[in-house]
Amino acid sequence: MDCVFCKIINGEIPSVKVYENDHILAFLDINPMEKGHVLVIPKQHWPSLPEVPVDDSSDVAMAEELYYMVRVIAKACIRSFADGANILQCNGEAAGQTVFHLHFHVIPRCKDSSHPLSFDSGHAHYDSDEERAQYAEKLRTAIAKILAEEKVL
Ligand code: 5GP
Ligand code: ZN
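Rules behind the numbers
- Residues numbered from 1 in each chain as written.
- Chains lettered and ligands numbered in written order.
- Predicted model: local features only at pLDDT ≥ 70, side-chain atom pairs only at ≥ 80, totals over all residues.
- Heavy atoms only, no water.
- Patch = residues over 30% accessible without salt bridge, like charges linked within 9 Å, V, L, I, M, F, W, Y side chains within 5 Å.
- Areas by Shrake-Rupley, 256 points an atom, 1.4 Å probe, with all protein chains shown as cover.
- Salt bridge = Lys/Arg side-chain N within 4 Å of Asp/Glu carboxyl O.
- Lys, Arg positive; Asp, Glu negative; His and termini not counted.
- Charge placed at Lys NZ, Arg CZ, Asp CG, Glu CD.
- Helix = DSSP H or I, 4+ residues; strand = E, 2+ residues; numbered from the N terminus.
- Buried < 20%, exposed > 50% of the residue type's maximum accessible area, 1.4 Å probe, protein only.
- Near = heavy atom within 4 Å.
- Polar contact = N/O pair within 3.5 Å; in protein donor to acceptor, adjacent residues only side chain to side chain.
- Phe/Tyr/Trp six-rings, centres within 6.5 Å; stacked < 30°, edge-to-face > 60°.
- Lys NZ or Arg CZ within 6 Å of the ring centre and 35° of its normal.

**A short note on a negative patch on the surface**
So, step 1. Together, Asp-55, Asp-56, Glu-149 and Glu-150 make up a negatively charged patch on the protein surface.
So, step 2. Residue position: Asp-56 is located in the loop between β3 (38-42) and α2 (57-80).
So, step 3. Among the residues examined, Asp-56 registers a relative accessible area of 34% and is labelled partly exposed.

**Description of the site of ligand 1**
So, step 1. Close to ligand 1 lie 16 residues, the nearest being Asp-29, Gly-96, Thr-98, His-103 and His-105.
So, step 2. Between ligand 1 and Leu-28 there is a distance of 2.9 Å, counted from a nitrogen atom to a backbone nitrogen or oxygen.
So, step 3. In the model, an oxygen atom of ligand 1 is placed 2.4 Å from a nitrogen or oxygen of the Asp-29 side chain.
So, step 4. Protein burial of ligand 1: of its 520 Å² of free accessible surface, 83% is covered by the chains.
So, step 5. Mapped onto the shell around ligand 1, the elements with two or more residues apiece are α1 (4-10) and β2 (24-28).

**A closer look at the packing of aromatic side chains**
So, step 1. Inspection of every chain in the model, using the stated rule, returns 3 aromatic pairs.
So, step 2. Between Tyr-67 and Phe-104, the ring centres sit 6.0 Å apart and the planes meet at 75 degrees, which makes this aromatic pair edge-to-face. You can see Tyr-67 sitting in helix α2 and its partner Phe-104 sitting in strand β5 (residues 104-109), a full 37 residues away along the chain.
So, step 3. For Tyr-67, a relative accessible area of 39% corresponds to the partly exposed category.
So, step 4. Note that Lys-138 overlies the ring of Tyr-135, its terminal NZ or CZ placed 5.5 Å from the centroid.

What follows is the structure, given as structure tokens:
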């Protein structure tokens, strides 16, 4: 499989590792948004978060381990040099995903950063209260269907 992160896991491409166990690898991003920017990935090749399978308990356990390590690495950034941390996770080209192997960005943030965080929020506007309600209703319907299909909770 031609996946850059699988190649990093296999050691075909070098990386600066900060944590590794049987299921998870965390390493420095080659093109960091801030110093100490970490990528946390499962060793299992899942293309994105919505594509993580939930019908096998070992996959669910591995995904939980991944979320736990994201938390630990954010905590480690804050304990060692940062004032805060952002977690960024992109799913699909439209969302800016460029490597199609599931990954979480842990981006340390410092109060004195020369690249202060700016979320481009406030650009979208609902045409009406009705349109807002329609978006919420579409989401509620889809959430209920997914929960019924996946029967995890
Ligand atoms: P995405 O936009 O898919 O969420 O982010 C992919 C990230 O992977 C980018 O921040 C990019 O810098 C990083 N990346 C891509 N190729 C490599 C690589 O070969 N080594 C490392 N360490 N990071 C990479
Ligand atoms: Zn991969």
